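Analysis of the macromolecular model
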Amino acid sequence: MSSAANILILATGGTIAGTAGSALKRDYRPGQIGISTFIEQAESLGLDANLTGQEIAAIGSEDITPEIWRSLYRACSNAMVNEGIDGIIITHGTDTAEETALLLDLTLPTTKPVVLVGAMRPADAVGTDGIRNFLNAVRVASDPDAAGRGVLLVMSDRIISARDARKAKTSGVDAFKGFPRDAVGTVTPSSLDWFGEPWAKGRAARYAMPTDFPHVPILYAHAAMDRSAVDCLLTDQTRGLVLAGFGDGNAPEAIFDRLAELAEAGISIVRASRVDEGLVDRIPLDSQHGFVAARGLGPAKARILLQVLLANGISAPEEIQAAFDKR
Ligand code: GLU
């Protein structure tokens, strides 16, 4: 009997499965190659793992939907209780990989490795990063020590935790960064090194996967804005709002006044930053109006966490703040 790990690959598309038709063309289409091509390529390189694939979607990840998220969640949940599966890999476009990773991190238990992987160059580009990232992801998902670290993202030989991961560059194979922690490990097709021990071994799922994602718009701060910028984002269904504020979650006085009115009316307000890196700290306005500081989460991921909390019936500002404060 082989001791090779049994890995389930859930494919969703993205550049990792994209082709241009010519290495010299700039434009390409994501989600063109079936997962079997990756499996065949990995096997032809002599990989010591049993790979099975399941296609969940074939999209550019800008088109990800709550339905696809729920399909991914269901497939991962089934794999978690299937004794024949040791680890899960999700191939994903890079544009929204951090949002999918955080959503699954919040809603899945940490009993088996779950690894998102993408690529910045299409599969037929010169120097494509797809197959290398994929082999790296297989190495990570095959390691029992990858469990207990939440959902992980593997790109450019680095392993980044879902909570920390963000796409920080529009192009280049090193497009992903981690904040506040950089990588939690490094990986190549021939090596794997973790920085520290798993921190959440055997942790149960923290929240239920939402059946409905509440309406939570993001308000992007800019110079010379007025309250109409807030009002045009609101619908009758709006349950929360994330401010992509200046600096450490700052906004013009007129905007904070409007947000205070919304908080008073029961809409959860989270202050994040339009700046790429740094913590958003609590300020006196927060306790005054019931605002929440996003801490290390950027606006897009703060939105995911707020949606999950609201869908799980958590709406008191101090409870929301506690969830944002957690690592
Ligand atoms: N926009 C596409 C996506 O996110 C392609 C970008 C990529 O995967 O790098 O799926």
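The structure displayed is predicted, hence computed values, not measured ones. (Residues numbered from 1 in each chain as written. Predicted model: local features only at pLDDT ≥ 70, side-chain atom pairs only at ≥ 80, totals over all residues. Heavy atoms only, no water.)

Some points on the UniProt feature "active site" (unreviewed entry) in the protein chain
Under the UniProt annotation, "active site" (unreviewed entry) lies at Thr15. Here Thr15 is to be found in the loop between strand 1 (5-13) and helix 1 (35-44). Setting aside residues no more than four positions away along its own chain, Thr15 makes contact with Tyr28, Pro30, Gly93, Ala119, Met120, Arg121, Pro122 and Ala123. (UniProt positions renumbered as here; feature names shortened; annotations may be inferred. Helix = DSSP H or I, 4+ residues; strand = E, 2+ residues; numbered from the N terminus. Contact = heavy atoms within 4.5 Å.)

So, the packing of aromatic side chains
A complete count under the given rule lists three aromatic pairs for this structure. Plain terms: the ring middles of Trp69 and Phe213 are 5.3 Å apart, the flat faces sit at 45° to each other, and that makes the pair tilted. In this pair, Trp69 sits in helix 2 (residues 66-80) while Phe213 sits in the loop between strand 10 (191-194) and strand 11 (218-220), placing the two residues 144 residues apart along the sequence. The buried category is assigned to Trp69, whose relative accessible area is 7%. Against the face of Trp194 rests Arg149, its NZ or CZ located 3.9 Å from the ring centre. When the ring centre of Trp199 is taken as origin, the NZ or CZ atom of Arg181, which lies over that ring, is 4.6 Å away. (Phe/Tyr/Trp six-rings, centres within 6.5 Å; stacked < 30°, edge-to-face > 60°. Buried < 20%, exposed > 50% of the residue type's maximum accessible area, 1.4 Å probe, protein only. Lys NZ or Arg CZ within 6 Å of the ring centre and 35° of its normal.)

Some thoughts on unusual backbone geometry
With an omega dihedral of 0°, the bond running from Phe179 to Pro180 counts as a cis peptide bond. Locating Pro180 in the fold gives a position in the loop between strand 8 (176-178) and strand 9 (185-188). You will see that Ala224, though not glycine, has its phi angle at about 60°, which is positive. Phi is positive for Arg295, which is not a glycine, with a value near 55°. Its location among the elements puts Arg295 in the loop between strand 14 (292-293) and helix 8 (299-311).

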